[in-house]
Amino acid sequence: MKHFLDINTTDTADLTGMIAEAQRIKRARAGKPKGAPDEEQPLKDHMVALIFEKPSTRTRVSFDLGVRQMGGQTMVLSGSEMQLGHGETVADTARVLSRYVDMIMIRTFEEATLLEMAEYADVPVINGLTNRSHPCQIMADILTYEEHRGSIAGRKVVWAGDGNNVCASFLHAAGQFGFDVTFTGPEVLDPEAVFVDEARAKGANIEIVRDPVKAVEGADLIVADTWVSMHDAPSARERRHNLLRPYQINDALMAHAKPDALFMHCLPAHRDEEVTNTVMDGPQSVIFDEAENRLHAQKAVMRWCLDA
């Protein structure tokens, strides 16, 4: 059974293989209408359950479309429509779904829900996001970086803002793909120390620099995310804005990075909050390539999970 739960728990060779496969998949679809099937149909006769306890645009559309392009079918389930974890244990839901479907993607709140689903499912489980990590996003980000600039190994990635779940997956990837990460943000929003320590133990240079100007010096890639996440309480909005305003990505800050540095954001973005319009829509931004590449990267992940 091959689950895709986190980047740091997946072998480096498998991860690099998935990136190469995603590149191949994308090339093979060049010029095709979006709804046209892939020439290869590795998910023919397969049913995939897509479970959403959190709202979603890119994750839902990219997984649904990816399954269909590869010849499979999807069953989209929302947390409000299921008895997941309240009317029925997660373990029992996993056992039941395993009788109906060939693979499960879950986008949920607690990491414990994902892990329990994987422990008791008899089919592969994919982490579509938890409050603690977002591995599919970072696979798409690495695919995007390497399309534009070549291997990410040895590069400097700067994360600005909140050391959240997406930041955590960048730290996971640093140790597996061999790049460095500098975090710049307020101390109260630092990434989890366990993720920093693990990446360092695998040879990545992980730095925490409070001054954003110093942090982005020599950066190959600058990444931001929303200041208020979907799982944050509304009361946190003003406090977070006050904390994070010095870390906004704008033209002045980008000017201190390498001239060919890229900008990424997992989207949705709050324009002119964590990043200005001029950066988002500027020549260094690859945010929409990044969004598209969720499709290709996740197709490679699904094929890996099913050995298809």
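How each quantity is defined
Residues numbered from 1 in each chain as written. Predicted model: local features only at pLDDT ≥ 70, side-chain atom pairs only at ≥ 80, totals over all residues. Heavy atoms only, no water. Helix = DSSP H or I, 4+ residues; strand = E, 2+ residues; numbered from the N terminus. Buried < 20%, exposed > 50% of the residue type's maximum accessible area, 1.4 Å probe, protein only. Contact = heavy atoms within 4.5 Å. Axes fitted to C-alpha atoms, helices over the stretch in contact; angles between N-to-C directions. Parallel < 35°, antiparallel > 145°, perpendicular 65-115°, else oblique. Left-handed = near helix turned anticlockwise from the far one by under 90°. Nonpolar A, V, L, I, M, F, W, Y, C, P; charged D, E, K, R; others polar. Salt bridge = Lys/Arg side-chain N within 4 Å of Asp/Glu carboxyl O. Phe/Tyr/Trp six-rings, centres within 6.5 Å; stacked < 30°, edge-to-face > 60°. Pairing = 2+ DSSP bridges. Core = buried A, V, L, I, M, F, W, Y, C linked by side-chain atoms within 4.5 Å. 1 Å grid on protein atoms, 1.4 Å probe; cavity = no way out; pocket = protein on both sides within 12 Å on 5 of 7 lines; lining within 4 Å. Points joined across faces, edges and corners; volume = space filled by probe spheres on them.

## Some details on the overall build of the protein
Helix and strand content of the protein: twelve helices and nine strands. C-alpha atoms of the protein, sized along the principal axes, occupy 55 × 45 × 35 Å. Taken over 308 residues, the protein has a buried fraction of 56%. The contacts in the protein between residues at least 6 apart in sequence include a share of 75% that link residues at least 24 apart.

## Details of the packing of helix α3 (residues 90-100) against helix α4 (residues 111-120)
Packing of α3 against α4 leaves a shortest axis separation of 8 Å and a crossing angle of 45°. The angle between α3 and α4 falls in the class oblique. Handedness of the crossing formed by α3 with α4: right-handed. Residue-level inspection shows V90, A91, T93, A94 and R95 of α3 in contact with α4, the latter providing T113, E116, M117 and Y120. Classifying every residue of the contact of α3 with α4 gives five nonpolar, two polar and two charged.

## What to know about the pattern of salt bridges
If the charged atoms of two oppositely charged side chains come close together, the side chains can form a pair. Inspection of the entire model under this criterion finds 20 salt bridges. Taking the shortest distance from any N to any O, the salt bridge between R132 and E111 comes out at 3.1 Å. Taken together, the residues R132 in the loop between β4 (125-129) and α5 (135-149) and E111 in helix α4 connect sequence positions 21 residues apart. Overall, the relative accessible area of 18% leaves E111 in the buried class. Salt-bridge contacts for D220 lead to K258; the nearest nitrogen and oxygen are separated by 2.9 Å.

## Comments concerning the packing of aromatic side chains
Under the defined criterion, the tally for this structure stands at three aromatic pairs. Ring geometry for F4 versus W304: centroids 6.4 Å apart, planes at 80°, classification edge-to-face. One end of the pair, F4, is in the segment before α1 (12-28); the other, W304, is in helix α12 (residues 287-306), and 300 residues separate them in sequence. For W304, a relative accessible area of 15% translates into the label buried.

## Quick notes on the sheet that holds strand β3 (residues 103-107)
Here we have four strands laid out as an open sheet, ordered β2-β1-β3-β4, and parallel in their pairing. Sheet topology places β2 (73-78) and β4 at the edges, where each strand pairs with a single neighbour. Neighbour-to-neighbour, the strand axes of the sheet open up by a mean angle of 20°, direction not taken into account. With five bridges connecting them, strand β1 (residues 47-52) and β3 associate as parallel partners. From the neighbouring strand, A49 faces β3, where its bridge partner is I104.

## Re the nonpolar core
Residues F4, I126, M139, F177 and F179 are the most contacted members of the largest nonpolar core, which totals 55 residues. A per-element tally of this core places helix α6 (residues 165-177) first, with eight residues. Look past the residues within four positions of F4 in its chain and what remains in contact with it is T10, L15, M18, V125, I126, N127, P135, C136, M139, V301, W304 and C305. One finds L97, I106, L114 and V123 within the second-largest nonpolar core, a separate group that totals 19 residues.

## Topic: the layout of surface pockets
Approximately 190 Å³ is the volume attributed to the second largest pocket. Around the second largest pocket, the lining is made up of 17 residues, and of these N131, D162, G163, N164 and N165 lie nearest the centre.

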